[in-house]
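Structure at a glance
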Amino acid sequence: MPGLLRGVARTAVVAGTATSVSNRVSRRQQGRWAAQQGYQAYQEPQPQPVSSAQQTAAPADAMGSTLDQLKQLAELKAQGVLTEAEFEEQKRRLLA
């Protein structure tokens with residue numbers, strides 16, 4: 001059973017990383033096309049204001065999520081899925 005969970009977790013991390021990279025490449029390509037055609041690049045919607053109750057709970061949740069993502073990245077690096085440079089880049093993004 002632990003092997004199955006590890007496999008599922010690894011698949012989720014790889015899929016999440018692939019989605020993130022794919023989205024970034026798509027945004028970059030869209031920006032290049034817009035610049036070539038003289039159109040303004042797509043801008044992501046601005047975040048909605050957060051209530052004070054949500055602000056209190058958010059830092060704890062965000063820290064736990066960030067730690068989990070860092071652990072997953074470290075596992076991928078240890079397995080050889082990520083190179084040192086890829087690991088450092090993803091870690092920099094998470095901590096920014």
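Parameters at a glance
- Residues numbered from 1 in each chain as written.
- Predicted model: local features only at pLDDT ≥ 70, side-chain atom pairs only at ≥ 80, totals over all residues.
- Heavy atoms only, no water.
- Core = buried A, V, L, I, M, F, W, Y, C linked by side-chain atoms within 4.5 Å.
- Buried < 20%, exposed > 50% of the residue type's maximum accessible area, 1.4 Å probe, protein only.
- Contact = heavy atoms within 4.5 Å.
- pLDDT = per-residue confidence, 0-100.
- Helix = DSSP H or I, 4+ residues; strand = E, 2+ residues; numbered from the N terminus.
- Salt bridge = Lys/Arg side-chain N within 4 Å of Asp/Glu carboxyl O.

Okay, the nonpolar core next. In terms of nonpolar packing, the biggest core is built from 5 residues, these being Val13, Leu73, Leu76, Leu82 and Phe87. What Leu82 contacts, discounting residues up to four positions off in sequence, is Leu73, Leu76, Lys77 and Phe87.

Another aspect to go through is the confidence of the model for the chain. The predicted model of the chain has a mean per-residue pLDDT of 75, with 71% of residues at 70 or higher. The least confident element of the chain is helix H2 (residues 52–79), whose mean pLDDT is 73; the most confident is helix H3 (residues 84–95), at 87.

Here we come to the pattern of salt bridges. Counted by the stated rule, this structure contains 4 salt bridges. Close ionic contact of Glu84 with Lys77 constitutes a salt bridge, the shortest N to O distance being 2.9 Å. You can call Glu84 partly exposed: its relative accessible area is 42%. Here Glu88 ties to Lys91 by a salt bridge, and the two come within 3.6 Å at their closest N and O atoms. Linking Glu88 with Lys91, this pair stays in helix H3, spanning 3 residues, or about one helical turn. Put simply, Glu89, Arg92 and Arg93 are held in one network by salt bridges that share partners.

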